[in-house]
Amino acid sequence: MTREIQRGEYELGAHRTLLQEFWRNFRRNKLSLIGGVIVLFYAFLAVFAPLLAPYDPIEQFDAPRGMRNPMPPLSRDVDGRLFLLGTDKFGRDILSRAIYGTRTLLQVAVGSISIAMLIGITMGAVAGYKAGTWVDELLMRAVDIMLSFPSLVLAIALVGAFGIGKIKIGPIVLSNIVKIMLVIAITYSPRFARVMRAVVLQEMAKDYVAAAKISGASSARILLAEILPNAIPPIIVQASLMMATTVLTTSSLSFLGLGLQPPRPSLGLMLNEARDFLFWGAWWYVVVPGGLITLAILGFNLLGDGLRDALDPRQARRRR
Amino acid sequence: MRAYLVKRATFGVLTLFIASLLIFSLLRVVPGGPVDALIEEEWDDPVLRAQLRHELGLDLPLHLQYARWLGNILHGDLGVSIVLYQGEPVGKILLARLAVTAQLALLSLSIALLVSFPAGIVSALWRDRLPDHLLRLLALGGVSTPNFFLGIALIVVFGVGLRRGWGVGGYIPFGEDPWGWLLHLLLPAVVLGTDHAATISRMLRASMLEALGRGHVLTAKAMGLPRGDLLIRDVLRTAMVPVVTVIGNSAGALLDGAVITEVLFRLPGLGSLLVQGVYARDLPVVQAVVVVAVGIRVAVNLVVDLTYGFLDPRIRYGGNGR
């Protein structure tokens, strides 16, 4: 493959840290930069939701005479309050609900990916370390079986098992949102297990691990201190791509009425409610939550692709 | 090849068995369940509860319940619906629903393949030029737009804007009105197909580019082989293996998308049955749909394995070449 040698690329003495190297690779791709900006925008919305939202997301406002909720963008209520993006069927401010809905969506996505990573990395690390033994066989067959369920079907079945809304298992009460995080984490943890196992297998064959073994390091030490740091890049790539999937699954569950429950502001639920008002021409009711979900998925996809190209040059060359 | 297939098939059956065991016990660990759904609050009393549990066989130990269920399945009996369609055999409901989902799946896969192959090939051949940029942008949009949003947008355009009866969903059996059948399935199939078309065309582009850079393709080009021959024999065939994997994944996960599209377009298929079953806590229905979903996945994976052997002689002759 021929490529123009860029100025300064092979300059002598241009030592770069790993982070600089990564940034240089990442920056080259404009689309991944856009993805990064989109993700930052969502993080900003989620963190500062209480400051950004003009109204309480569950407060209901009355439409003035001659008008009905849902009201179109730029309408005012009886007391003259302005609603930039209109109101929903109960007279709640769409903009505020969208901002808080974004916050909830990211909470669920980040929460479930964290739990999925914890479960998946542990499973994958143990399986990889014990490769070829019955432990590995057992864990990986379990992963295969989990992956044989279509993911949304599995998530729906798990909601079916736990019930809709909050659940009680003996003395433990789980709020609905934690339950959804668990459901999604269970659904997606096998994918992290696969990535982690592959990394551990690859690293175990290297000299530094052999050196650590010879010098008498314990298994836990080798796994945590030696191998785990090398697993961070592929796990980050996987996590970013899985964020897109998780955002989709979370809002799909809410759209079906099996995820977040009213009156909690949720983008998927807003779309579900909006369906009843399509014939009124209430486009804002659909476009705002739908657009926000789509843009989030787009952002995480772009960022994930960019991270993969920047962190895994072998893959990147294949794709270019 | 045969040994390989037998091994894969055995594994598939085993997967199905364990998956069914998992889903069966999972749906029974949480207290309440269907009994809660069946009893109205004012009639609630322990005697009635116990009686119901006994009638539904829920008072037996878990392993006995499972053995009974599995034994019945082997005789073609999937149990009866306890809440949704009280007393109807699940097998009968399932077959009717499966037919609708299968029609939707076939139509959407055809759309996906018809769109993604030309798109992926054009994208790879005109790499980094205008057609490629446009098609990649479209594919990125297709991957990122959730099914339910695209579906609602189409309903707004065709149902609300253009006031078409078929634009708002519903289902007409083929036997009643073939044209109406097609029109009613068209929008949901487009929604479902868009997602898969985007994924398949992205993979096709990537793996064609890789194949185009391979040594044997360059040699053939240098020897002056006709472009068409070269494309089909050398490039497409080499590029197909990862593409087949992606198509298999799409086909195996069709029920995921079907859940959303069927609910949105009010189609009486398996996906909407699953959601209704979960709402109603109708255990026999839910577990039957999930087992069918896993069964479809397992079957599709077997077909994919067969295709690998057909595409790549190394797998065909080398036992388990993967």
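What counts and how
Residues numbered from 1 in each chain as written. Chains lettered and ligands numbered in written order. Predicted model: local features only at pLDDT ≥ 70, side-chain atom pairs only at ≥ 80, totals over all residues. Helix = DSSP H or I, 4+ residues; strand = E, 2+ residues; numbered from the N terminus. Buried ≥ 20, exposed ≤ 12 C-beta atoms within 10 Å, placed from the backbone. Contact = placed C-beta atoms within 7 Å. Nonpolar A, V, L, I, M, F, W, Y, C, P; charged D, E, K, R; others polar. Axes fitted to C-alpha atoms, helices over the stretch in contact; angles between N-to-C directions. Parallel < 35°, antiparallel > 145°, perpendicular 65-115°, else oblique. Left-handed = near helix turned anticlockwise from the far one by under 90°.

**Q** Can you tell me about the overall build of chain B, naming the residues and giving the values?
**A** Secondary structure summary: chain B contains 14 helices and zero strands in total. Its helices and strands in sequence order give chain B the pattern α-α-α-α-α-α-α-α-α-α-α-α-α-α, from N to C terminus. The buried share of chain B, taken over its 322 residues, is 37%. Considering only residue pairs separated by 6 or more positions, chain B has 70% of its internal contacts joining residues 24 or more positions apart.

**Q** Would you mind going over unusual backbone geometry in detail, with residue names and values included?
**A** Backbone torsion omega between P262 of chain A and P263 of chain A reads 5 degrees, so that peptide bond is classified as cis. Position of P263 of chain A relative to the elements: it lies in the loop between α9 (219–255) and α10 (267–274). Not every positive phi belongs to a glycine, and D128 of chain B is a case in point at roughly 65 degrees. By the secondary structure assignment, D128 of chain B is in the loop between α5 (90–125) and α6 (130–144). Its 9 C-beta neighbours within 10 Å are what place D128 of chain B among the exposed residues. Positive phi outside glycine occurs at R281 of chain B, with the angle close to 55 degrees. With respect to the helices and strands, R281 of chain B occurs in the loop between α12 (270–280) and α13 (283–311). For R281 of chain B, a count of 24 C-beta atoms within 10 Å corresponds to the buried category.

**Q** Can you lay out the environment of L152 of chain A for me, pointing to particular residues and giving the numbers?
**A** Relative to the helices and strands, L152 of chain A is located in helix α6 (residues 151–162). C-alpha separation for the pair L152 of chain A and A127 of chain A, spaced 25 residues apart in sequence, amounts to 26 Å. Setting aside chain neighbours within four positions, we find L152 of chain A in contact with T249 and S252 of chain A together with D256 and V259 of chain B.

**Q** Lay out the interface of chain A and chain B with the relevant residues and their values.
**A** Contacts between chain A and chain B engage 37 residues on the former and 37 residues on the latter. Secondary-structure elements contributing two or more residues to the side of chain A that touches chain B are α5 (134–147), α6, α9, α11 (283–311) and α12 (313–319) of chain A. No other element matches α6 of chain A, which puts nine residues into the side of chain A that touches chain B. Residues belonging to the side of chain A that touches chain B are distributed by class as follows: 23 nonpolar, 10 polar and four charged.

**Q** Give me helix α3 (residues 46–55) of chain B: which residues, what numbers.
**A** Burial within α3 of chain B is sparse, with just zero of its 10 residues counted as buried. The positive-phi residue at the C-terminal boundary of α3 of chain B is G57 of chain B, with phi of around 75 degrees.

**Q** Give me the lowdown on the packing of α5 of chain B against α13 of chain B, citing residues and values where you can.
**A** Residue and element names in this part refer to chain B. Relative orientation of the contacting elements α5 and α13 amounts to 50 degrees, with a least axis distance of 10 Å. Comparing the axis directions of α5 and α13 gives the class oblique. α5 and α13 meet at a crossing whose hand is right-handed. In this structure, α5 uses V90, L94 and L98 to contact α13, whose residues at the interface are P284, V285, A288 and V292.

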